[in-house]
Amino acid sequence: MRVQRHNMQCHGAAMTKALVKVVTILSFIFMTVSAQAGAINYDEVSDRQLKALYDSLDYELNNKDRYIKAHEQTIDLLKKTLREGTHDIREEYDINRRLYDKYKKFQVDSALSYSVRNVAIGHELGDMDKVHLANLQIAYLNSLNNRFLEGKAILDSIPLSELNRDLLLEYYSTGYWFYSSYAVASGDNSYYLEANRSRDEAMRYLDPASFEYRFNLSFKYIYSPDLSKAKPYLDSLLETCSPGSPEEAFVCGIYAIYYAKLGQEKECKYMYLRSAIADIRSATRENESIQILAVKEYENNNLNLAFKYAQAAIEDAAAGGINMHAIRRYKLNTLLSAAFRDEQQRSHTLMQRNLVTACLMLIVLIGLLAYVLRQKRKISDIRKLLEETNRELLHYNEQLNANNEELSESNKVKEFYISEFFELCFNYISEIERLETSVKKMTKTRNYNDLAKLLSSMSVNREYNAMYQHFDTVFLALYPTFIIEVNKLLRPEEWFPETKTLNRELRVYALMRLGFRDADQIAKFLCCAVTTIYCYRSRMRNKAIDRDTFEDNVMGISSGKGASLEA
């Protein structure tokens, strides 16, 4: 009977889960159809409608692999057609272009390879229209990968006088996405002006009745004093979108910005949720909506949802080879770290409560035994037990204090390196900006002699040496006794002089102390072969007093309890 009851309970639980999934899917379909029929007033979204969309997004995130597989099957069919069929290069160009469309927001590197191939085909055919179109596709992909210098070079290299109407539309549309991404990545709002100019130019070549024209017009109104004019266009655009399509994701994302401008947070979330669901269903990995939702949930202290959304966004970006902009990537990483830290804190608090509860129960039990038995021997045993427990607690407390000190030191190292990294990046950006200004000025004035001198004065080796010197300075600031501690592990005749710089052997172990255990990464940083790294490591172990434990002892070198970090 128990087995039958258990089987019935399991069967009932399974039916309940299945019923919940069906209700969730049907509720979302119902809302989508109702919205297209004009039944939903987006200005007054109810809590029930919002909850249904949260449930739908959760379901789609748990089952997004099926959309990925379906998209990959479509791509595989196109690849099979390209691989097995007999085509001339014009047909190959068209198939490559279709593959680019499938890959551009799914896997950037693959899309790039087909566009590069189409550039070669265009040159082979002597058809510059095909060459320009493929180059514009490459410029767009560069904006997704934060390769803005390469993308800008491509846009500047295309002569507008050679472009027909369709290519001019493509050129200005690409310019809009490129400069918008550039503005977000660089934090320079002046690029938004260039993006808006490109958008306005693109609209000149669009049919006013087309989806693209109305979409751009609504977006233009959102960032203008005439905000209310955007809503009729957004409503009509949403009515024409198929559920789960990229177009629905675009329109809902813009609609969310509209509601954010009005301060209607619930309606804003509603639209971002619909946009994120459409991104998943259309296998789009360039999913800005779920990134924004992750930040919003974190700001509302919904850490579990924030962690789940941020993790999904980062996984998609990694799988698609899409480099998120530095600001948004920093926010998501901060979000994940905070969520993990809060989860650790909750676990630690729960452990403390359980420990206190266990101690209280033990004390009560000991008291009851003492009360019942009233024997000195039992009381003595109980006291010994309490003393042992206290010693264990003191031992655990010491371990916790040691762990906290290690975590504090690790956090200071991380904060120090982050600040140094941003300072170094800022210096390089400033240097590049200075060089860019000089080159533009010399080019504009046709001062080619000075330009040649400027180029000849640039030295990659000098920059590497400066970078290594900077690395040595920062590392020795973090670990001021590093050379001394390494010398203690070596035979006296092999000691290194205590200088303010590191040689290559010490630099290898400095990188290992910072967590770089992969020889390939160390070799790339030091501009040498992997075999050279292994040679350095073998040579250092041969110099060590204890060859077998040398590297583990190096990894245990302390940064001096954070004194040098604060300095």
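Structure shown above.
Fair warning: this is a prediction, and the values are worked out from it, not measured in the lab.

Enquirer: Please provide a residue-by-residue account of the overall build of the protein chain, values included.
Expert: When you go through the protein chain residue by residue, the secondary structure sums to 25 helices and zero strands. Within the protein chain, buried positions represent 38% of all 567 residues. Considering only contacts within the protein chain whose residues lie at least 6 apart along the sequence, 63% involve residues at least 24 apart. As displayed, the protein chain offers around 33,300 Å² of accessible surface, 55% of which is attributable to carbon and sulfur atoms.

Enquirer: Give me the lowdown on the pattern of salt bridges, citing residues and values where you can.
Expert: Enumeration according to the criterion identifies 27 salt bridges in this entry. For K229, the salt bridge is made with D226, and the minimal N-O distance between the two is 3.8 Å. Residue classification places K229 among the partly exposed residues on the basis of a relative accessible area of 42%. The salt bridge partner of R507 is D472, with a shortest N-O separation of 2.8 Å. Of this pair, R507 sits in helix α21 (residues 504–513) while D472 sits in helix α19 (residues 460–478); the two residues are 35 residues apart in sequence, bridging distant segments of the chain. According to the relative accessible area criterion, D472 is buried, its value standing at 1%.

Enquirer: Could you give me a rundown of the state of the cysteines, with the residues and numbers involved?
Expert: Counted according to the given criterion, the structure contains zero disulfides. Unpaired in this structure, C241 has its nearest cysteine sulfur neighbour in C252, at a distance of 7.2 Å. The exposure class assigned to C252 is buried, which follows from its relative accessible area of 0%.

Conventions used here
Residues numbered from 1 in each chain as written. Predicted model: local features only at pLDDT ≥ 70, side-chain atom pairs only at ≥ 80, totals over all residues. Heavy atoms only, no water. Helix = DSSP H or I, 4+ residues; strand = E, 2+ residues; numbered from the N terminus. Buried < 20%, exposed > 50% of the residue type's maximum accessible area, 1.4 Å probe, protein only. Contact = heavy atoms within 4.5 Å. Areas by Shrake-Rupley, 256 points an atom, 1.4 Å probe, with all protein chains shown as cover. Salt bridge = Lys/Arg side-chain N within 4 Å of Asp/Glu carboxyl O. Disulfide = S-S within 2.5 Å.

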